[in-house]
Number of protein chains: 2
Amino acid sequence: MWCNAAMGRAQTGTGARPPRATIIDVAREAGVSPATVSRVLTGSKPVSAEPEQRVRAAVARLGYRPNPAAQGLLRGTTSAVGVVVPDLSNPYFAEVLKGVTNAAQHADFRTLVADTGEKAGAERDAALELSRWADGIVLCSPRMSQWELTELASAVPRLVCVNRRSRGSRIPAVAVDFEAGVASICRHLRELGHRRVAYLRGPSRAWSERARQRALRTAGGPDLEIVQIPCGSSSVDGHRAADVALASGATAVMAFSDYVALGALARFDELGVAVPEEISLTGFDDIALSRLVSPRLTTVTVDKQDLGRRAWQLFIDSGADGRTGSTVEVMPELVVRGSTAAPTAAGSIEREIVHER
Amino acid sequence: MWCNAAMGRAQTGTGARPPRATIIDVAREAGVSPATVSRVLTGSKPVSAEPEQRVRAAVARLGYRPNPAAQGLLRGTTSAVGVVVPDLSNPYFAEVLKGVTNAAQHADFRTLVADTGEKAGAERDAALELSRWADGIVLCSPRMSQWELTELASAVPRLVCVNRRSRGSRIPAVAVDFEAGVASICRHLRELGHRRVAYLRGPSRAWSERARQRALRTAGGPDLEIVQIPCGSSSVDGHRAADVALASGATAVMAFSDYVALGALARFDELGVAVPEEISLTGFDDIALSRLVSPRLTTVTVDKQDLGRRAWQLFIDSGADGRTGSTVEVMPELVVRGSTAAPTAAGSIEREIVHER
DNA sequence: CTGTTAGCGCGTTCAT
DNA sequence: ATGAACGCGCTAACAG
């Protein structure tokens, strides 16, 4: 079907690209009015068989496809969704984006993407700019202030957040239950016998980090001391922070995320510190590569593509009326793998030796 | 500046989102004609100071932003670029996308993204569909046939390929010199003393795989036997193929990519096969996580974001006239890390034992 | 320097 | 069932 049109064009020459055919060209070609062409293509009104055939033939011959800008102008809608992420290099966000994109593609929507480079200041502008071209925005793990977010929500047609719930403003959101996730990790560590764990902090501006902190305040206590260590959200951050964690005298390290944990794990390996024999390590998110490292990472599973799909669903739902505030909570699940074990007295002793090299 | 506008709107109520202001609203508000507003905003013609101030004030007050669909309709251009990738979960493509997006953002362009799920059949449709909304397409590692690609290039306004050069059709492309990369890996392995290496093949439809095959034909010979093993492009493919590679009796495994190699590495670890003592392993691309596994992966570096940036540059360059055919070749560089070593006689013996468990 | 007019490509009314 | 005419929001012509 499409072959005819495209091949016909390809034959016209080397670089001569004909201007795109308009609906008028098709109408002329088919010997009907533009309105009839439109009716055939949208199916809005019935059209007799004979003219319909002529129109379809003309469409195929010319390779005609309606101009989305014109359609959008008329409809006042773009059939596009914008996705704003802090960092596409982070597999977590890449997966969420994939989830949104696939769902959107399925619904015949385009996906626009913007990368803010982990800069909180760039989020508002990116979202605002994308919103001009889209019917709404999916904002992933925004680092901006609550005030800014509320403000943004009123400036963007439809805004959905991923991993950020806001009490006051009624912004639809899908978020992992970080408290539950952190709690289950803490429980696991405590049951193994750990009494002092180092926590590698994520970006302080991230809502998910604050949620983790809430959980840590609950979980921490006399039988589980939490040592806070500033870190970040990338694997290099984890790599850097690993030494500090080691020096803290903790028997286990809880990382902000898998991505961070992988960095720490690499550093432990460089230092010759055995995981989990000398120190236990946990992640968060269960990214694909956590199953591929050695030892495999104990973490908490989150279906990141599903997060994207649900965000899309929220985006769609929020379209009909001004309904807002629907919040989806995704429950993560602890997966115990090889990176955690009971603490050994030997751990701290051997570590001294190791540091010598 | 923007605060005024957005705050003013936010105060109007809970869910009541006023329809976006048009240029006419602004004109009325400022007591001028729409043309004057346009002139102020685009700077196309000079405007007196006093009306200009009124216009700017009105714009801020109403939170007006021009409708891109209308502008696009008029200009016949979208200021958007479409990126089609086989799989966003693959860090390689996520990085390329990031490169394109950042460059595009810088030039005030939007990025549309489509994920084809590694299905060659979906590529054409995705590209065609995106091209309706964009000024052109960046096609990453297309798996489609050469014929299809040529055909597509004539149906899309501007097409740039990443990691796919095509002799016949003059499609701008930026591609890694896979032959050189594979050759340097082979040389490295041979110098270490390996005589029989298993190659974990990528998708047979991928151009980069065929390029690797060309290099292997040159590199292979009496002093370096290449055992071909069907595999794929994901880490789970590598995980699966690792057993076959082991059974081949090779002393080294050369994976299609880092992503694949990481899967194989995980499998070796599960089997208790020591890398590089019992078997050497190489990747391709140098993704971030290859530095984080143990042992760190010997591979070939490719700046993936740079690939995206260069693709963007080609996209821009191909805009002016019908200039085509410009092809950029990126030279990868061997990085020897911990996953390769000289083969040991012990390797094959110990491996027998390991298989028992 | 400014306002008025026309038209980008399309879908949808209103007539026929 | 079909065609003619209008207008979506904007800017480039053309007047004044």
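Scroll up for the structure.
So, a few notes on the structure that sits alongside this text. (Residues numbered from 1 in each chain as written. Chains lettered and ligands numbered in written order. Predicted model: local features only at pLDDT ≥ 70, side-chain atom pairs only at ≥ 80, totals over all residues. Heavy atoms only, no water.)

**Observations regarding the pattern of salt bridges**
Then step 1. Considering all chains together, one arrives at 46 salt bridges over all chains under this definition.
Then step 2. B:D303 serves as the salt-bridge partner of B:R309, at 3.9 Å between the closest nitrogen and oxygen.
Then step 3. One salt-bridge network, in which partners are shared between bridges, spans A:D303, A:D306, A:R309 and A:R310. (Salt bridge = Lys/Arg side-chain N within 4 Å of Asp/Glu carboxyl O.)

**Quick notes on the packing of helix α7 (residues 120–133) of chain A against helix α8 (residues 146–155) of chain A**
Residues and elements named next belong to chain A.
Then step 1. The interhelical angle for the contact between α7 and α8, taken along N-to-C directions, is 10°, at an axis separation of 10 Å. By the angle between their axes, α7 is roughly parallel relative to α8. Counting all contacts with α7, which are made through R124, A127 and L128, the residues of α8 involved are E148, E151, L152 and A155.
Then step 2. Here the residues of the contact of α7 with α8 sort into four nonpolar, no polar and three charged. (Axes fitted to C-alpha atoms, helices over the stretch in contact; angles between N-to-C directions. Helix = DSSP H or I, 4+ residues; strand = E, 2+ residues; numbered from the N terminus. Parallel < 35°, antiparallel > 145°, perpendicular 65-115°, else oblique. Contact = heavy atoms within 4.5 Å. Nonpolar A, V, L, I, M, F, W, Y, C, P; charged D, E, K, R; others polar.)

**Observations regarding the protein's contact with DNA strand C**
Then step 1. Lining the immediate environment of DNA strand C, one finds 23 residues, of which A:I23, A:Y64, A:L74, B:R39 and B:S48 sit closest.
Then step 2. In DNA strand C, the atoms that sit within 4 Å of the protein are 64% sugar and phosphate, with bases accounting for the remainder.
Then step 3. Contacts to DNA strand C include B:S33, whose backbone N or O atom sits 3.1 Å from a phosphate oxygen.
Then step 4. Every element with two or more residues in the surface near DNA strand C is listed here: α3 (34–42) and α5 (68–75) of chain A together with α3 (34–42) and α5 (68–75) of chain B.
Then step 5. The element contributing the most residues to the surface near DNA strand C is α3(A), with four residues. (Near = heavy atom within 4 Å. Polar contact = N/O pair within 3.5 Å; in protein donor to acceptor, adjacent residues only side chain to side chain.)

**Examining the pairing of strand β3 (residues 136–140) of chain A**
All names here are of chain A.
Then step 1. Along β3, five of the five residues are buried, which leaves the element largely enclosed by surrounding structure.
Then step 2. The sheet contact formed by strand β1 (residues 80–85) and β3 spans four bridges and is parallel. Paired with G82 across the bridge in β3 is I137.
Then step 3. Pairing of β3 with strand β4 (residues 159–162) involves four bridges; the strand directions are parallel. Following the sheet pairing, V138 is matched in β4 by V160.
Then step 4. Read from β3 through α8 to β4, the crossover connection turns out right-handed. (Buried < 20%, exposed > 50% of the residue type's maximum accessible area, 1.4 Å probe, protein only. Pairing = 2+ DSSP bridges. Right-handed = clockwise from strand over helix to strand, strands pointing away.)

**Overview of helix α13 (residues 304–317) of chain A**
Think of an α-helix as turning once every 3.6 residues; residues three or four places apart then point the same way.
Residue and element names in this part refer to chain A.
Then step 1. Taking 1.5 Å per residue, 14 residues should reach 20 Å; α13 reaches 20 Å between its end C-alpha atoms and fits that length.
Then step 2. Of the surrounding elements, those touching the buried residues of α13 are β1, α6 (91–106), β3, β4, β5 (173–176) and β11 (327–330).
Then step 3. One side-chain oxygen of the residue at the start of α13 lies 3.4 Å from the amide nitrogen of Q305, identifying that residue as D303. (Expected span 1.5 Å × (residues − 1).)

**Re the packing of aromatic side chains**
Then step 1. Following the criterion strictly, the structure yields 12 aromatic pairs over all chains and no others.
Then step 2. Centre to centre, the rings of A:F178 and A:F284 are 5.7 Å apart; their planes meet at 40°, and the pair counts as tilted. With A:F178 in helix α9 (residues 178–192) and A:F284 in the loop between β9 (280–282) and β10 (299–301), this pair connects stretches of sequence that are 106 residues apart.
Then step 3. By relative accessible area, A:F178 is classed as buried at 2%.
Then step 4. Linked through ring pairs, A:F109, A:W312 and A:F315 together constitute an aromatic cluster.
Then step 5. Taking NZ or CZ as reference, B:R158 lies 4.3 Å from the ring centre of B:F315, over its face. (Phe/Tyr/Trp six-rings, centres within 6.5 Å; stacked < 30°, edge-to-face > 60°. Lys NZ or Arg CZ within 6 Å of the ring centre and 35° of its normal.)

**Let's talk about the interface of chain A and chain B**
Then step 1. Contact residues are listed per partner, giving 58 residues for chain A and 58 residues for chain B.
Then step 2. Here chain A meets chain B over a buried area of about 5400 Å², counting both sides, of which 59% is carbon and sulfur.
Then step 3. Area buried by chain A at its contact with chain B is led by A:R110, A:R132 and A:L292, which between them contribute 13% of it.
Then step 4. Inspection of the chain A/chain B interface yields six salt bridges.
Then step 5. The closest approach of N and O atoms between B:K98 and A:D115, which form a salt bridge, is 3.2 Å.
Then step 6. Counting residues per element, the ones that place at least two in the side of chain A that touches chain B are α1 (2–10), α5, α6, β2 (110–115), α7, α8 and α12 (258–271) of chain A.
Then step 7. Here the side of chain A that touches chain B is composed, by residue class, of 28 nonpolar, 15 polar and 15 charged. (Buried area = accessible area lost by both parts, 1.4 Å probe.)

**What to know about the sheet that holds strand β7 (residues 225–229) of chain A**
Within a sheet, each strand pairs with its neighbour through backbone hydrogen bonds, oriented either parallel or antiparallel.
All names here are of chain A.
Then step 1. Pairing in this open sheet of four strands is parallel, and the strands run β7-β6-β8-β9 from one edge to the other. Unpaired on one side and paired on the other, β7 and β9 mark the two borders of the sheet. In this sheet, neighbouring strand axes are inclined to one another by 20° on average, regardless of whether the strands run parallel or antiparallel.
Then step 2. By the bridge criterion, four bridges tie strand β6 (residues 196–200) to strand β8 (residues 252–255) in an arrangement that is parallel. Counted as the bridge partner of V197 is A252 from β8.

**Points about unusual backbone geometry**
Residues and elements named next belong to chain A.
Then step 1. With omega at 5°, the peptide bond leading from V275 into P276 counts as cis.
Then step 2. Within the element layout of this structure, P276 appears in the loop between α12 and β9.
Then step 3. With phi around 65°, D108 is a residue other than glycine that occupies positive phi space.
Then step 4. You can see D108 is positioned in the loop between α6 and β2.
Then step 5. Phi is positive for N163, close to 55°, though the residue is something other than glycine.
Then step 6. Of note, N163 is situated in the loop between β4 and β5.
Then step 7. Since its relative accessible area comes to 3%, N163 is described here as buried.

**Describing the packing of α3(A) against helix α4 (residues 49–62) of chain A**
Residues and elements named next belong to chain A.
Then step 1. Two elements in contact, α3 and α4, have axes whose closest approach is 10 Å; the angle formed by their N-to-C orientations is 85°. On the basis of their axis angle, the class for α3 and α4 is roughly perpendicular. Seen from α3, the contacting residues are V37, V40 and L41; seen from α4, they are E52, V55, R56 and V59.
Then step 2. Across the contact of α3 with α4, the residue classes tally to five nonpolar, no polar and two charged.

**Regarding the sheet that holds strand β8 (residues 252–255) of chain B**
Residue and element names in this part refer to chain B.
Then step 1. Within the open sheet, the four strands sit side by side as β7-β6-β8-β9. Their pairing is parallel. The sheet is open, and its two edges are formed by β7 (225–229) and β9 (280–282), each paired on a single side. On average, adjacent strands in this sheet sit at an angle of 20° to one another, irrespective of strand direction.
Then step 2. Sheet topology note: the strand β6 (residues 196–200)/β7 ladder contains five bridges and is parallel.

**Comments concerning the relation of the copies chain A and chain B**
Then step 1. Expressed as a screw operation, the relation of chain A to chain B combines 0.0 Å of axial shift with a rotation of 180°, fitting to an RMSD of 0.1 Å. Read as a symmetry element, the transformation amounts to a two-fold axis.
Then step 2. Of the residues that chain A buries at the interface, 100% are likewise interface residues in chain B, meaning the two copies contact each other through the same surface. (Least-squares fit on C-alpha atoms with pLDDT ≥ 70 in both.)

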